[in-house]
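Summary of the model geometry
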Amino acid sequence: IWITRRFVHRTVLEHLVAEHITTLEADEAARILLPHLWFDPDWKVVAPAAIAAHNRRQRGALLQRLLDKVVHPAKDPARRAASRELDKLLLAIAEQSEPGDWTPDHEDLFHACRERNVTRAPAAVAGTAHWVHSNQRILTTLLNALPTAHPGAVADLVAALPALEPTEADRAEARTALLNALPTADSWAAADLVAALAALVTTEADRAEARTALLSALPTADPGAVRALVTALPALEPTGPDQIGRA
């Protein structure tokens, strides 16, 4: 006897579940979603998709029902963990919706969530860059964080910059922060800083500034960082036609 089994692709299944929840009234949809809002990987895609889609049917209704149940003024460790999970959910919803889709209060809620998570979840914040009203404040926070950021976090912060449409002055500020950190960086940190710096070097002037800074850092650099600094130098060689002709 041959038994034919049919498997529904996970993405399709998630879409179908989200679409079903969209057809429900807000109270019923909230009842279904509440047990799965966080710490449930099986609903990580479904929950934000369902909330964003339901909002187009009943503006703000489902999100507000959920917020009424999960937001709590207490700040014990469990509540803080729940607040972080709520922020992840809000960022995922924002990625799938537009600011004008929401009530003014909810729109403010999403902007505030983006601002407080720029150093904690820079990739998710960058993914919501179409919420442009808060981009300048986020960009300012990100640039202010770079000089004292853990070297391991620097690459993620720098990777978020392009989505926020930084000016050349903003890029220069970010480069300065990285270059200032290089002389005292250990080997691991130096490698992270050099990798992040490469993403900010876009012109001949940038290349010359970075090369000069690396050469200046070498005499006093942590011995473990020297290799990372030297390895970065060839990529900073001048590439303009004058320099190529002289070679």
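Residues numbered from 1 in each chain as written. Predicted model: local features only at pLDDT ≥ 70, side-chain atom pairs only at ≥ 80, totals over all residues. Heavy atoms only, no water.

1. What about the environment of Ala208?
You can see Ala208 is positioned in helix H12 (residues 204–217). Remark: the alpha-carbon pair of Ala208 and Ala196, spanning twelve residues in sequence, is separated by 16 Å. (Helix = DSSP H or I, 4+ residues; strand = E, 2+ residues; numbered from the N terminus.)

2. Let's talk about the nonpolar core
Core analysis: the biggest nonpolar cluster contains 69 residues, and Leu33, Ile51, Leu146 and Leu178 have the highest contact counts within it. Looking at this core, the element that brings in the most residues is helix H5 (residues 77–95), giving seven residues. (Core = buried A, V, L, I, M, F, W, Y, C linked by side-chain atoms within 4.5 Å. Buried < 20%, exposed > 50% of the residue type's maximum accessible area, 1.4 Å probe, protein only.)

3. Some points on helix H8 (residues 135–145)
Those residues of H8 lying buried are Asn135, Ile138, Leu139, Leu142, Leu143 and Ala145. Considered in projection along H8, the buried side chains sweep an arc of 160° and stay on one side of the axis. Projecting away from the buried face of H8 at angles above 90 degrees are the exposed residues Gln136 and Asn144. Among the structural elements, helix H6 (104–116), helix H7 (122–126), helix H9 (151–160) and helix H10 (168–181) are those in contact with the buried residues of H8. (Arc of directions from axis to C-beta. Contact = heavy atoms within 4.5 Å.)

4. Remarks on the side chain of Arg207
Along the chain, Arg207 turns up in helix H12. Here Arg207 is in contact with Val201, Ala235, Leu236, Glu237, Pro238 and Thr239, once residues within four sequence places are set aside.

5. A look at helix H13 (residues 223–232)
Looking only at H13, the buried set comprises Ala225, Ala228, Leu229 and Ala232. With its buried residues spanning 100° around the axis, H13 presents them on a single face. Those residues of H13 that are exposed and angled more than 90 degrees off the buried face are Pro223, Arg227 and Thr231. N-cap assignment for H13: the residue whose side-chain oxygen lies 2.8 Å from the backbone N of Gly224 is Asp222. (Polar contact = N/O pair within 3.5 Å; in protein donor to acceptor, adjacent residues only side chain to side chain.)

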